[in-house]
Amino acid sequence: MTTILVTGGTGTLGRLVAARLRADGHEVRVLSRHSQPYAVDLRAGGAALDAAVAGVDTIVHCASAQKGDEQAARNLIIAARGAGVRHLVYVSIVGVDEVPFPYYRSKLAVESLVEESGIGWTVLRATQFHDLLIMMFQGLSKLPVMFLPAGVRDQPVEVAEVADRLVELAAAAPAGRVEDMGGPEVRPLESLARAYLKASGRRRAVVNVSLWGAAYRGFRSGGHLAPRRAVGKGSFEEHLERRFGGGRIQAGSGRSGV
């Protein structure tokens, strides 16, 4: 068994990755800004980061933020090289090279840093997690009318399944860019929103609104989807049932015909 550092190890994905690695018998270090004994702000780096990576064989880089990801990755890579880390596993997002969305551009830049790090590397791109859609719908449903970007589809995936795949990759040899991981269905955003409203017991009118800009065009064209890699098993309705309880919710639409 190896010593594995999980960055963002207290987050939605990272905590599952850390738990599964421990269950498999690995020594796991959890790094986050506030979790002792490896409380580190990756954007600052420094001696605390050097101590966290000392003696580590593999890093699973799950930490992410709206700003500062590139600097965080640079600091992590410098520390990892100095510690002789042999494998760096990075989780990215499907479509970071297709959709000109600022956060996606940052993720793509981090991918490049990982690939050029001089460390054995693996990059997995996944579609959006079910939890992210729920968070978005919660915000959009604060108004009496839920406004959605017209013509956009999504392919949410169960975060636990992504965690399982990352654990598998971390235990293996560096594999470079592996095949994308998408959820089981490509569905209109409106279908997913209505499923959320039903499960959460909220009554809202749903209105589709045409937007503008290159990022919207990228999402509308499906640049963030992986219909040929619909390998996820857990559906959005199954996730909603676990989250909100109640009887089994019927799917808003079937599988994508793509």
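Above this text sits the structure in question.
Predicted model, so just to flag it, every value in this text is computed and none were measured.

A.B. asks: Could you give an account of helix α3 (residues 69-83), naming the residues involved and the relevant values?
C.D. replies: Here α3 contains 15 residues, and its C-alpha end-to-end distance of 21 Å stays within 8% of the 21 Å for a straight helix at 1.5 Å per residue. Turning to α3, the residues buried within the fold contact β1 (3-7), α2 (47-53), β3 (58-61), β4 (87-93) and α4 (102-115).

A.B. asks: Tell me about the nonpolar core, residues and numbers included.
C.D. replies: With 27 residues, the main nonpolar core has Val6, Leu13, Val17, Val162 and Leu166 as its most contacted residues. Looking at this core, the elements with two or more residues in it are β1, α1 (14-23), β2 (27-31), β4, β5 (120-126) and α6 (159-170). Residues in contact with Leu13, not counting those within four places in the same chain, are Cys62, Val91, Phe129, Val159, Val162, Ala163 and Leu166. If you look at the next biggest cluster of nonpolar residues, it comprises 24 residues, including Leu133, Leu148, Ala150 and Phe219.

A.B. asks: For the sheet that holds β1, give the residues involved together with the corresponding values.
C.D. replies: Backbone hydrogen bonds are what pair the strands of a sheet, in a parallel or an antiparallel way. Across the sheet, which stays open at both edges, the six strands sit in the order β2-β1-β3-β4-β5-β8 with parallel pairing between neighbours. Only two strands of the sheet have a single partner each, and these edge strands are β2 and β8 (176-177). In the sheet, β3 pairs with β4 via four bridges, with the strands oriented parallel. The partner of Val60 across the bridge, within β4, is Val89. Where α6 meets the sheet, its contacts fall on β1, β3, β4 and β5, and the angle it forms with β4 comes to roughly 155°.

A.B. asks: Can you explain helix α7 (residues 189-200)? Please cite residues and give values.
C.D. replies: The end-to-end C-alpha distance of α7 is 16 Å, a good match for the 16 Å that 12 residues give at a rise of 1.5 Å each. Three or more residues of α7 are buried, namely Leu189, Ser191, Leu192, Ala193, Ala195, Tyr196, Leu197 and Ala199. At its buried positions, α7 is contacted by α5 (130-140), β6 (145-149), β7 (153-154), β9 (187-188), β10 (205-209) and α9 (236-244). Of the residues flanking the end of α7, it is Gly201, one or two places downstream, whose phi is positive at about 75°.

A.B. asks: Tell me about the packing of α5 against α9, and name the residues and values.
C.D. replies: The geometry of α5 relative to α9 is characterised by a closest axis approach of 10 Å and an angle of 70° between their N-to-C directions. One way to sum up the angle between α5 and α9 is to call them roughly perpendicular. Considering the relative orientation of α5 and α9, their crossing is right-handed. Contacts between α5 and α9 pair His130, Asp131, Leu133, Ile134, Phe137 and Gln138 from the former with Phe236, His239, Leu240, Arg243 and Phe244 from the latter. Each residue belonging to the contact of α5 with α9 can be placed in one class, and the counts come to six nonpolar, three polar and two charged.

Parameters at a glance
- Residues numbered from 1 in each chain as written.
- Predicted model: local features only at pLDDT ≥ 70, side-chain atom pairs only at ≥ 80, totals over all residues.
- Heavy atoms only, no water.
- Helix = DSSP H or I, 4+ residues; strand = E, 2+ residues; numbered from the N terminus.
- Expected span 1.5 Å × (residues − 1).
- Contact = heavy atoms within 4.5 Å.
- Core = buried A, V, L, I, M, F, W, Y, C linked by side-chain atoms within 4.5 Å.
- Buried < 20%, exposed > 50% of the residue type's maximum accessible area, 1.4 Å probe, protein only.
- Pairing = 2+ DSSP bridges.
- Axes fitted to C-alpha atoms, helices over the stretch in contact; angles between N-to-C directions.
- Parallel < 35°, antiparallel > 145°, perpendicular 65-115°, else oblique.
- Left-handed = near helix turned anticlockwise from the far one by under 90°.
- Nonpolar A, V, L, I, M, F, W, Y, C, P; charged D, E, K, R; others polar.

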